[in-house]
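# Close look at the chain arrangement
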Amino acid sequence: MRDDTRTVHAGRSPERTDGAVNPPVIHASTILARSLDEWDERGRRMAAGERGTYYGRFGTETHRALEDAITELEGAHRTMLFPSGYAACACAVLACASTGDHVLLPDSVYFPVRKLAGSLLTRFGVATTFYDPCIGAGIAELFTPATRAVYVESPGSITFEVQDVPAIAAAAHARGARVIMDNTWATPLYFKPLAHGVDLSVQAATKYVVGHSDAMLGYVSTTAEAWPQLRATSEDLGYAVGPDDVYLAQRGLRTMPVRLARHAETGLRLAAWFAEQPEVERVLHPALPSDPGHALWKRDFTGASGLFGVVLRPAARARPALAALVDGLELFGLGASWGGYESLLVPWSPDRWRKPTSWPYGGPCLRVHAGLENTEDLLVDLERGFQRLRAAM
Ligand SMILES: *Cc1c(COP(=O)(O)O)cnc(C)c1O
């Protein structure tokens, strides 16, 4: 079975839903047992981590349907849902590290994970080292006897460096450390973390899985070895995910392959257009042959999604110039998140937080999310935006 077939059929069992194509949305806190024996049995299954229903916080068949579908798509042992993508990132790290341990994080990591290193991890005595995302097998030199986990995110947030995940995983496993990967950009359709040596695959399902900008959700899919600790940590923290959001995510999942193909196609066309503009210093898109990460991307990924970066020339840094471009856009929205059907364009300045590597460009970065609009219409909007930018620079 191929992935586009799998996304249609995985996790659905019409025999459990009296024939309905989709799973029911079960709103529940209390789950009633019909007898003391059943109550004990539900409790036993819950404690043993077996499939079943015990209490709303641990999810119901609504949750199981999505978890099953994702587990199949990820080629994982099991999947845990979280109330946001970031909650999934944080819990994956917390599951792998205790006081006195050490964790390696890429300099291109999603910003809130960088913050986690300086706040909660520091408070609980977990040391972190930020590494060059392009380090590859050279990561071996950064391990200490206390290193328990290496975090990867490929391509990186905002700056889009492609990482050599198999080489990093080999180095980590040689030292008994786990590998956590934020795979939100590619989704399991375009990159299979566990098949490349990752132990915990994290996804901000808020983005492409939900796909319609109307729900927050995250998940972590793991190997059998990494599962018990993830599950225990998540239970300790008491996360619960609302059934309506779970339903929206399983609904989004069914069309993800067709949406992603369109996001990808439009993204590549927009990227090619940006690359031709004199105001553009560089386009950060691994599927462009000129991108430094292109060879690795081609080796490991089966597609590129619709999110990429554009580095403008330093003269565009002046606020009136940037505002002239952004404020007049009609189709590209200015807002956090991405992966929905609507296009977005958001300026960032990665040089503000990069450390220990430095970001070599003086101009601002644009993060562009190619939505599902007609590409010609999007290009007209961008043409006009760049005319305004040119006039203001
Ligand atoms: C958005 C995002 C997250 C966090 O997801 P939320 O659902 O917004 O909490 C994590 N990682 C990456 C790469 C993201 O883009």
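These lines cover the structure that appears in this document, whether it is placed above or below. (Residues numbered from 1 in each chain as written. Predicted model: local features only at pLDDT ≥ 70, side-chain atom pairs only at ≥ 80, totals over all residues. Heavy atoms only, no water.)

## Re the layout of surface pockets
- Estimates place the volume of the largest pocket at around 510 Å³.
- Listed by contribution, the elements that provide at least two residues to the lining of the largest pocket are α4 (85–96) and α5 (111–118).
- Residue composition of the lining of the largest pocket, grouped by class: 17 nonpolar, 8 polar and 4 charged.
- Its volume calculated, the second largest pocket comes out at about 240 Å³. (1 Å grid on protein atoms, 1.4 Å probe; cavity = no way out; pocket = protein on both sides within 12 Å on 5 of 7 lines; lining within 4 Å. Points joined across faces, edges and corners; volume = space filled by probe spheres on them. Helix = DSSP H or I, 4+ residues; strand = E, 2+ residues; numbered from the N terminus. Nonpolar A, V, L, I, M, F, W, Y, C, P; charged D, E, K, R; others polar.)

## Focus: the site of the ligand
- By nearness alone, 14 residues border the ligand, and Gly85, Tyr86, Asp182, Thr206 and Lys207 come closest of all.
- Within the side chain of Lys207, an N or O atom sits 2.6 Å from an oxygen atom of the ligand.
- Coverage of the ligand by the protein chains reaches 92% of its 380 Å² of free accessible surface.
- Here the ligand occupies the largest pocket.
- Ranked by the residues each element gives to the shell around the ligand, the list is headed by α4, at 3 residues. (Near = heavy atom within 4 Å. Polar contact = N/O pair within 3.5 Å; in protein donor to acceptor, adjacent residues only side chain to side chain. Areas by Shrake-Rupley, 256 points an atom, 1.4 Å probe, with all protein chains shown as cover. Sits in = over half its atoms within 2 Å of the grid points.)

## Details of the sheet that holds strand β3 (residues 127–131)
- On the basis of which strands lie adjacent, the open sheet formed by 7 strands has the order β1-β7-β6-β5-β4-β2-β3 and mixed pairing. Each end of this open sheet is capped by a strand with a single partner; those strands are β1 (78–82) and β3. Across the sheet, the mean angle from the axis of one strand to that of its neighbour is 20°, orientation sign disregarded.
- Two strands pair when backbone bridges link them, and strand β6 (residues 200–203) and strand β7 (residues 218–222) are joined in this way by 4 bridges, in the antiparallel orientation. Counterpart to Leu200 in the pairing with β7 is Thr222.
- The sheet contacts of α4 involve β1, β4 (147–153), β5 (178–182), β6 and β7, and relative to β6 the element is tilted by about 160°. (Pairing = 2+ DSSP bridges. Axes fitted to C-alpha atoms, helices over the stretch in contact; angles between N-to-C directions. Contact = heavy atoms within 4.5 Å.)

## Thoughts on the pattern of salt bridges
- A full pass over the atoms with the stated rule returns 25 salt bridges.
- Across the pair Arg16 and Glu61 runs a salt bridge, and its minimum N-O distance is 3.0 Å. One end of the pair, Arg16, is in the loop between α1 (3–9) and α2 (36–48); the other, Glu61, is in helix α3 (residues 61–74), and 45 residues separate them in sequence.
- Across the salt bridge formed by Arg282 and Asp291, the nearest N and O atoms sit 3.6 Å from each other.
- Overall, the relative accessible area of 25% leaves Arg282 in the partly exposed class.
- On the accessibility criterion, Asp291 (7% relative accessible area) is buried.
- Taken together, the shared-partner salt bridges connect Asp3, Arg6, Glu72 and Lys192 into one network. (Salt bridge = Lys/Arg side-chain N within 4 Å of Asp/Glu carboxyl O. Buried < 20%, exposed > 50% of the residue type's maximum accessible area, 1.4 Å probe, protein only.)

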